[in-house]
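So the chains spell out like this:
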Amino acid sequence: MPNYRLTLCYEGTRYRGWQKQGNTENTIQGKLEAALSRLLMEPVELSGCGRTDAGVHAREQVCSFRVGSALDCEKTLRELRAVLPEDIGAMSLCEAAPRFHARLSCTGKTYCYRVRTSETPDVFTRRFVLPCPGALDCAAMRSAASALLGRHDFSAFCSLKNSKKSTVRTLFSIEIEESADEVRLYFTGDGFLYNMVRILTGTLLEVGLGKRDAQEMESILASRDRAKAGFTAPAQGLTLWSVSYEKA
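Residues numbered from 1 in each chain as written. Predicted model: local features only at pLDDT ≥ 70, side-chain atom pairs only at ≥ 80, totals over all residues. Heavy atoms only, no water.

## Observations concerning the pattern of salt bridges
Which entries qualify depends on this criterion: Salt bridge, as used here: a side-chain nitrogen of Lys or Arg that lies within 4 Å of a carboxyl oxygen of Asp or Glu. Strands are runs of DSSP state E lasting at least two residues, helices are runs of H or I lasting at least four, and both sets are numbered from the N terminus onward. Any residue under 20% of the maximum accessible area for its type is buried, any over 50% is exposed, and the rest in between are partly exposed; the area is computed with a 1.4 Å probe on protein chains only.
Evaluated as defined, the whole model comprises twelve salt bridges. For glutamate 33, the salt bridge is made with lysine 20, and the minimal N-O distance between the two is 2.7 Å. Taken together, the residues glutamate 33 in helix H1 (residues 28-40) and lysine 20 in the loop between strand E1 (3-10) and H1 connect sequence positions 13 residues apart. By relative accessible area, which is 6% here, glutamate 33 ends up buried. By relative accessible area, lysine 20 is classed as partly exposed at 43%. The residue glutamate 79 makes a salt bridge to lysine 75 at a minimum N-O spacing of 2.8 Å. With a gap of four residues between them, glutamate 79 and lysine 75 both fall in helix H2 (residues 73-83), about one helical turn apart. Members of the salt-bridge network, linked through shared partners, are Arg114, Glu182 and Arg184.

See the structure below:
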């Protein structure tokens, strides 16, 4: 069966996350599978590179799927764009290598968390940022972030309890960018646990606000105790920014 790669963007505000669920039709995966199944007149199952939580956005989400016959990608993409809701965008569609899998073939992901530090509200970005008026100590945040880089057990930064899956992940980089009105945190790694980026962000914000010492990160990691880390930052500030794959 031909294999296809679909790249998307979406605003996650009104959805229950990426992953299809039995108790609701209001998920990104559910909406896409229903639209593609109608267009192609056969059941379509998508595999996404990441399972974004309820309210989380994506600038670049890649998914893969197989169908019974070859597609005219340009025509299918045009038709898909015409039927998707306005907060889900189909960016590109192409045939993929037979063994390509959006999640299993992914080598890295970058998430961006946006924090608005200006005291002046901006109604146009309110769905994409966490309001946090006032100055953040970004130097202290960078110092704290440096202890998180590398391969670690991130149990302390995960909301799942008693998970049987490995909680070891590798963080390649954490970049903190400042502007007059906003601070952006970019997390790049080989994979992320449930709520991991939001808990990392909450912990680093507590450092930036002077509520926590930057030197605590190593002991938090070593504790493997969720209670030792900071709060879970709200979903609306988080965006799946980009994903990477090995070049063919």
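## Focus on the pairing of strand E5 (residues 106-116)
The condition that has to hold: Strand pairing is defined by DSSP finding a minimum of two bridges between the two strands.
With ten of its eleven residues buried, E5 lies for the most part within the structure. Taken together, the seven bridges between E5 and strand E10 (residues 238-245) define a ladder with antiparallel strand orientation. By the bridge assignment for E10, threonine 110 is matched with serine 242. Judged from the eight bridges that link them, E5 and strand E9 (residues 182-189) form a sheet pairing that is antiparallel. Considered in E9, the bridge of tyrosine 111 is made with phenylalanine 187. In the sheet, E5 pairs with strand E6 (residues 130-131) via two bridges, with the strands oriented parallel. Each bridged residue has a counterpart across the sheet, and for valine 115 the counterpart in E6 is leucine 130.

## Points about the pairing of strand E3 (residues 57-66)
The buried count for E3 comes to seven of ten residues, which makes it a mostly enclosed element. Where E1 meets E3, seven bridges bridge the pair, whose relative direction is antiparallel. By the bridge assignment, tyrosine 4 is partnered in E3 with phenylalanine 65. Note: strand E2 (residues 47-48) against E3, two bridges, orientation antiparallel. Residue pairing in the sheet places glycine 48 in a bridge with cysteine 63 of E3. Relative to E10, E3 runs parallel, the two sharing two bridges. Paired with histidine 57 across the two strands is threonine 239, which belongs to E10.

## A word on unusual backbone geometry
Its identity is not glycine, yet methionine 41 carries a phi of approximately 60°, on the positive side. Within the fold, methionine 41 resides in the loop between H1 and E2. According to the relative accessible area criterion, methionine 41 is exposed, its value standing at 75%. For asparagine 195, which is not glycine, the phi torsion reads 65° and is therefore positive. Within the secondary structure layout, asparagine 195 lies in the loop between E9 and helix H4 (196-208).

## A word on the nonpolar core
Heads up, the rule is: The term nonpolar core refers to a set of buried residues drawn from Ala, Val, Leu, Ile, Met, Phe, Trp, Tyr and Cys, joined through side-chain atoms within 4.5 Å. In this description, contact between two residues means that some pair of their heavy atoms is separated by no more than 4.5 Å.
Judged by nonpolar contacts, the single largest core of 75 residues is most densely connected at Leu6, Leu32, Phe65, Leu148, Phe157, Leu204 and Met217. Ignoring anything within four residues of it in the chain, the contact list for phenylalanine 157 reads Leu148, Tyr194, Asn195, Met196, Ile199, Leu200, Thr203, Met217, Ile220, Leu221 and Ala229.

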